[in-house]
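Descriptive analysis of the structure
Residue strings, one per chain:
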Amino acid sequence: MQIKPQLVRDLIALLGPKAVLSEPEDLMLYEYDGSVELGSPECVVFPSSAREVSEIVRLANRYEVPLLGRGAGTGLSGGAIARDGGIVVAFSRMNRILEIDAANLRAVVQPGVVNLDLSRAVDHLGLYFAPDPSSQKACTIGGNVSENSGGPHTLAYGVTTNHVTGLELVLPDGEIVRTGGKNLETSGYDLNGLFVGSEGTLALVTEITVRLTRKAEAVKTLLAVYDTIDDTTESVFEITVRAITPAACEMLDGFTLRAVEDYVHAGFPKDCAAVLLIEVEGLSEAVEAQAAAITEVCKLHRAREVRVARDDRERALLWKGRKEAFGALGRISPMYYVQDGVIPRTRLPETLRRIAEIAAKYDLQIGNIFHAGDGNLHPLILFDERDRAQFERVVAAGGEIMRHCVDVGGALTGEHGIGMEKNELMSLIFSPDDLALMARVRASFNPAGRLNPGKVLPLGKGCGEIRIPHIPASAATPA
Amino acid sequence: MSHPAHISFARLEEIVGAPHVLTSPEDLALRRVDGFLPSAVIQPADAAQIAEVLRFAGAEKLAVIPSGGCTKLGIGSPPARYDIALDLSRMNRVLAYDPQDLTLGVESGMRIEQLLRVLAEQKQFLPLVVPYLERATIGGIVASNSSSPLRHAYGGVRDFCLGMEFVTGEGSQAKSGGRVVKNVTGYDLHKLLIGSLGTLGVITRVNFRTFPLLPAQRTFVAAFSAAEPAFQFCGAISRSPLTPQMVEIADPGAAEVIFSGGGPPQAEPRKWSVLVSAAGLPEVVDRYARELGHMAAAANADELEPLGDSEGPVVLARIREFPRLILEAVPSAAIFRIGVLPTAMPGLLGELSSVATRGGVDLISLTRASGIVYAALLPKEGEAATVPLLSKAVQEVFRVCGKSEINASAMLEWCPPEVKLAAGGVWGPPRPDFGLMKRVKDSFDPNGVLCPGRFAGGI
């Protein structure tokens, strides 16, 4: 699609020349996100208010041009990629924290506020914003809302949708409307529940009211080191069974660890099969007891060593290793393909064995670094895109892993979203009737399909296969 | 109100079997909604039968209201039409329970009390401590978004419901979410059904995450001479590192209701009471006892006492059954459920008290410190003209909730049908997002088969 020069002139008249980009060299920066997808917008605009967003939407409708919202572009399923061209509405100018209401544990923010900036702004009050995707230094709360982002600590505290009480939205017809508010509940349908995680396909979010969480009194971070993957996954299984609920329970396999250690120097042992990074939070009495119980479980399952971070610095270093792991792997492989399947936690040991079998069968290196405590896997398949034969094996292996997740009763994505990466796989989980209802709900808000086209629901092009990645791995940092 | 002549019972009997089409006056009366009686009660065995019933109803332009334990049929506006009661009680099985994964899938007609027993065998539970516990079903609890005092620690249904299966008004079997604890695959359509009062779809299966029972539990009661120090105490708890299971503020009337089942001596009449539950390891519970004691003293509580092993469960059950206890004592009561921020609670309760005084009615309130006030308006004893007085007071409550310094979201959850009509509705003044709700309704139930007229905005 070629947008008309008159539309660009209208946008400039509306927003001013500095808030509109339309030169190819400027647009290149907006062609990609943290996924392996690619798509060029024809214009990028930077609104400062909901009113301006509404006017942009009306112009897009008048010129019949697609449009979509974009935060920091850290998404991992192509949610912020202009699949059919058109206008990217970038929220980087709408980055103010509008209100902090500590007494009621609420904050009102614009969508461009960076996730970690909100936590920093309320740190002195002993509060934070609980969803903590690994990209939290860069990703925006508007993006978190669109994708219903998670993170390591969502095991105990829930994902974004559990922390949103109100939204201001611009609908695809330009109407500005509010759902929910600051109150814990408002009567009527739970529209927040529908819009959070709708991946920018139902409305553009222009303001968000979130819950703030009080920081725990005590935190303990443990590192359990194992000589076999089976012992590691059996430990996670038993922690779940014993109903110990850590705040986070992350697993990194030996291959990943070695790459991380070379990059971050966090003190991870380089000769082990896997580690668990486990955090417990709460009252000091409870934390002591939970840490002791976890240590006992890990030792029972032959952990070589269970180390407790001695201070905040050590703790921060362990988490740096976890959160920058994907960047570390990007240094040793030309490309990688990361998945986000979820399985029932009881199926973890067999699933990790299955992934190892698949890696052997296709002669591929697959790293595993993921949220073990909630069964959210991130198998990461390394490859070199110049090797076409290997490339096809990556696609086949990825498909087998995804099918295994579905077969054991799991889900396609735990936190990265469907986007344009997995939309053709939706029929593995959902029936035609399920998908028809989702399509109808989307059409009721987005009838012309002009808002973020080609995402979430299948287009019916080549069903059931993983899409082939196009671009080299960036230093993207999945949650 | 009913159109028996229009209904082809033969077709319904074909779908669910003749023994499962009920038409006796008692069966119909049990499913009465605001004075409206259905023409038949249909008891489907599965989602496929529900789909057929709904398609039949759509073709015949019949209105269908789903029901389970029939404990909450009075919630919502009076129906515009009502022909078929869809009784889910045959669909009462646990379909999947993986205690080791702490996940569960259950049919919607299962009673919560029975489900809690199944979970207790594995030392687990669902934080759905809701009124009418022995009769309420999963479907009804979810569809009315029943409030549990454990919301303080565990959140509401939306926070631990993993997915659902349901049948839309058009008779299409659909699902969303899944049964794993973390999932962003597709739109979260099931969240729309929570609190939808059956207006979008008939819920057939609900998947939950379950929670481990905690080793020790104790409930503490602090008594105060007025509302203000009671809320100061709650504020102090909220600013502390403590994370109680429950924090409830009972005004003197509510305290009387709660403690009349054999309460502790300190619960004197005319006192405000704050009830706080702590659970966890014994040493954790001990710490609550110490710190709550300090905080209560700082807020000038008369005293802070733990409930004994025998009285604790009784008092908790009476908190759980609060709306029911009020309604059993005063069937004409009007009970609001009001979402409000903690800092606005004292102001709201003050306003409600003025409304009651001016309107010549009594007020009893029970407040969940996390942000929900249950406020019951009761006609004074011996008052003859209850409907006009209550209706006027109901309108006043909606008005004060709209004040900018209160900014509360009120819904009149329980009241006599005559008050619903005279007060001009139970949903309060129109909100800007009603238009969006209409779009949702039209996506799920375009022909208005399910519970027409019962929901906000005339949906």
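In this text the structure is predicted, and so the values were computed from the model without any measurement. (Residues numbered from 1 in each chain as written. Chains lettered and ligands numbered in written order. Predicted model: local features only at pLDDT ≥ 70, side-chain atom pairs only at ≥ 80, totals over all residues. Heavy atoms only, no water.)

**Thoughts on helix H1 (residues 9-16) of chain B**
All names here are of chain B. The cut-off we apply is this: When a residue's accessible area, from a 1.4 Å probe over protein chains only, is under 20% of the maximum for its type it is buried; when over 50% it is exposed; and in between it is partly exposed. The helix and strand labels rest on DSSP assignments: H or I over at least four residues marks a helix, E over at least two residues marks a strand, and numbering proceeds from the N terminus. Arc definition: it is the arc formed by the directions from the helix axis to the C-beta atoms. We call two residues in contact whenever any of their non-hydrogen atoms come within 4.5 Å of each other.
For H1, the full list of buried residues reads Leu12, Ile15 and Val16. Considered in projection along H1, the buried side chains sweep an arc of 75 degrees and stay on one side of the axis. Facing away from the buried surface of H1 by more than 90 degrees, the exposed residues are Ala10 and Glu14. On its buried face, H1 sits against strand E1 (21-22), strand E2 (40-42), helix H3 (47-60) and strand E4 (84-87). Immediately downstream of H1, the backbone of Gly17 shows phi near 90 degrees, a positive value.

**Quick look at empty space enclosed by the protein**
Any space left empty among the atoms is revealed by the rolling of a water-sized probe across them. What counts here: In this analysis a 1.4 Å probe is tested at points of a 1 Å grid over the protein atoms alone, and where it fits but cannot get out there is a cavity; an open set with protein on both sides within 12 Å along at least five of seven lines is a pocket; lining residues have an atom within 4 Å of a point. Grid points are joined across faces, edges and corners, and a volume is the space filled by probe spheres set on the points. Amino acids are sorted into nonpolar (Ala, Val, Leu, Ile, Met, Phe, Trp, Tyr, Cys and Pro), charged (Asp, Glu, Lys and Arg) and polar (every other residue, Gly among them).
Per the counting criterion, the structure on display carries 7 cavities of 30 Å³ or more. Computed from the structure, the largest cavity encloses a volume of approximately 530 Å³. Gly142, Gly143, Asn144, Ser146 and Glu147 of chain A are, among the 38 residues lining the largest cavity, the residues nearest its centre. Counting only elements with at least two residues in the lining of the largest cavity, the list comes to strand E3 (67-70), helix H5 (141-147) and strand E10 (204-211) of chain A. Broken down by class, the residue content of the lining of the largest cavity amounts to 14 nonpolar, 19 polar and 5 charged. A volume near 310 Å³ is recorded for the second largest cavity. The wall of the second largest cavity is formed by 22 residues, among which Pro66, Ser67, Gly139, Gly140 and Ala143 of chain B lie closest to the centre. For the lining of the second largest cavity, the elements supplying multiple residues, two or more each, are strand E3 (64-67), helix H5 (138-143) and strand E10 (201-209) of chain B. Tallied by class, the residues present in the lining of the second largest cavity amount to 9 nonpolar, 11 polar and 2 charged.

**A look at the domain arrangement of chain B**
Residues and elements named next belong to chain B. Stated formally: Boundaries between domains were set according to an automatic or database domain assignment. A 1.4 Å probe defines the accessible area here, and the buried area is the portion of it lost by two parts on being joined, summed over both. Salt-bridge detection follows one rule: a side-chain nitrogen of Lys or Arg within 4 Å of a carboxyl oxygen of Asp or Glu.
Along its sequence, chain B is carved into domain 1 (1-213 + 429-459), domain 2 (216-320) and domain 3 (322-423). Facing 14 residues of domain 2, the contacting portion of domain 3 comprises 14 residues. In total, domain 2 and domain 3 occlude about 1200 Å² of area from one another, counting both sides; carbon and sulfur atoms represent 64% of this. Of all residues in domain 2, the largest losses of buried area upon contact with domain 3 belong to Phe231, Glu248 and Ile249, amounting jointly to 37% of the total for that side. Viewed at the interface, domain 3 and domain 2 are joined by 1 salt bridge.

**Concerning the domain arrangement of chain A**
All names here are of chain A. Note the following rule: Two N or O atoms form a polar contact when they lie within 3.5 Å of each other; inside protein one atom must be a possible hydrogen donor and the other a possible acceptor, and for residues adjacent in sequence the pair counts only when both atoms belong to side chains.
When its domains are assigned, chain A resolves into domain 1 (5-90), domain 2 (97-214) and domain 3 (218-407). One C-alpha centre belongs to domain 1, the other to domain 2; they are set 22 Å apart. Contacts between the two partners involve 17 residues from domain 1 and, on the opposite side, 17 residues from domain 2. Carbon and sulfur atoms supply 64% of the area that domain 1 and domain 2 bury against each other, a total of about 1100 Å² over both sides. It is Ala50, Val57 and Thr74 that lose the most area in domain 1 upon contact with domain 2, and together they represent 33% of the buried surface on that side. Connecting domain 1 to domain 2 are 3 residue pairs in polar contact (both at pLDDT 80 or more). Mapped by element, the contributors of at least two residues to the side of domain 1 that touches domain 2 are helix H3 (50-62) and E3. Per-element accounting of the side of domain 1 that touches domain 2 gives the leading share, 7 residues, to H3.

**Observations regarding the pattern of salt bridges**
Residues and elements named next belong to chain B. Enumeration over the complete set of coordinates arrives at 63 salt bridges over all chains. Among the salt bridges present, the one from Arg337 reaches Glu413, with a minimum N-O distance of 3.1 Å. One end of the pair, Arg337, is in strand E16 (residues 334-339); the other, Glu413, is in strand E19 (residues 409-414), with 76 residues separating them in the sequence.

**Section: helix H15 (residues 432-445) of chain A**
Within an α-helix, residues lying three or four positions from one another point in the same direction, as the helix has 3.6 residues per turn. How we decide: Multiplying one less than the number of residues by 1.5 Å gives the expected span of a helix.
A rise of 1.5 Å per residue sets the reference length of H15 of chain A, with its 14 residues, at 20 Å; its end C-alpha atoms lie 20 Å apart and thus fit the reference within 8%. Listed as buried for H15 of chain A are Asp434, Leu435, Leu437, Met438, Val441, Ser444 and Phe445 of chain A. Where H15 of chain A is buried, its residues contact helix H7 (191-195) of chain A together with strand E8 (161-168), strand E9 (173-177), helix H8 (189-193) and helix H17 (434-444) of chain B.

**A few points about the sheet that holds E10 of chain A**
All names here are of chain A. Condition: Strand pairing requires that DSSP identify at least two bridges connecting the strands. Angles here are taken between N-to-C directions and fall from 0 to 180 degrees, while the axes themselves are lines fitted to C-alpha atoms, restricted in helices to the stretch in contact.
The strand order E5-E6-E10-E8-E9 describes an open sheet built from 5 strands, whose pairing is antiparallel. Across the chains shown, the open sheet's two edge strands, defined by having one partner strand only, are strand E5 (97-101) and strand E9 (176-180). Going from strand to strand, the sheet's axes swing by 10 degrees on average, the running direction of each strand aside. Note that strand E6 (residues 106-109) and E10 share 4 bridges and pair antiparallel. When the bridges of E10 are listed, Arg106 appears paired with Arg211. Helix-sheet contacts for H3 involve strand E8 (164-170), E9 and E10, and the interaxial angle to E8 is about 45 degrees.

**Focus: the interface of chain B and chain A**
At the interface, 75 residues of chain B touch 83 residues of chain A. In total, about 6400 Å² of surface goes out of reach between chain B and chain A, with carbon and sulfur atoms giving 56% of it. Looking only at chain B, the three residues that lose the most surface to chain A are Lys182, Val184 and Tyr187 of chain B, adding up to 15% of its buried area. Here chain B is connected to chain A by 13 salt bridges. A salt bridge links Lys175 of chain B to Asp434 of chain A; the shortest N-O distance between them is 2.7 Å. At the boundary of chain B and chain A, one finds 28 residue pairs in polar contact (both at pLDDT 80 or more). Sort the elements by how many residues they give to the side of chain B that touches chain A and H17 of chain B lands first, with 8 residues.

**Regarding the layout of surface pockets**
All names here are of chain A. In this structure, the second largest pocket spans a volume of roughly 1000 Å³. Lining the second largest pocket are 31 residues, with Leu116, Asp132, Gln136, Arg315 and Lys323 sitting closest to its centre. Residue classes in the lining of the second largest pocket are distributed as 12 nonpolar, 7 polar and 12 charged.

**Quick look at the nonpolar core**
Note the threshold: Working definition of a nonpolar core: buried Ala, Val, Leu, Ile, Met, Phe, Trp, Tyr and Cys residues. They are joined through side-chain atoms within 4.5 Å.
Membership of the largest hydrophobic core comes to 171 residues, with the highest contact counts inside it found for Phe208, Phe233 and Ile338 of chain B. Apart from residues lying up to four places away in sequence, Ile338 of chain B is in contact with Leu348, Leu352, Gly371, Ile372, Val373, Ala375, Val397, Cys401, Ala408, Ser409 and Ala410 of chain B. Grouped together as the second largest cluster of nonpolar side chains are 44 residues, Met335, Tyr337, Tyr362 and Cys405 of chain A included.

**Quick word on the side chain of Thr204 of chain B**
All names here are of chain B. Checked against the element boundaries, Thr204 lands in strand E10. Assessed through its relative accessible area of 5%, Thr204 is described here as buried. Those residues within four positions of Thr204 in sequence are excluded, and the remaining contacts are Ala47, Ile50, Met91, Val106, Glu107, Ser108, Glu165, Phe166 and Val167.

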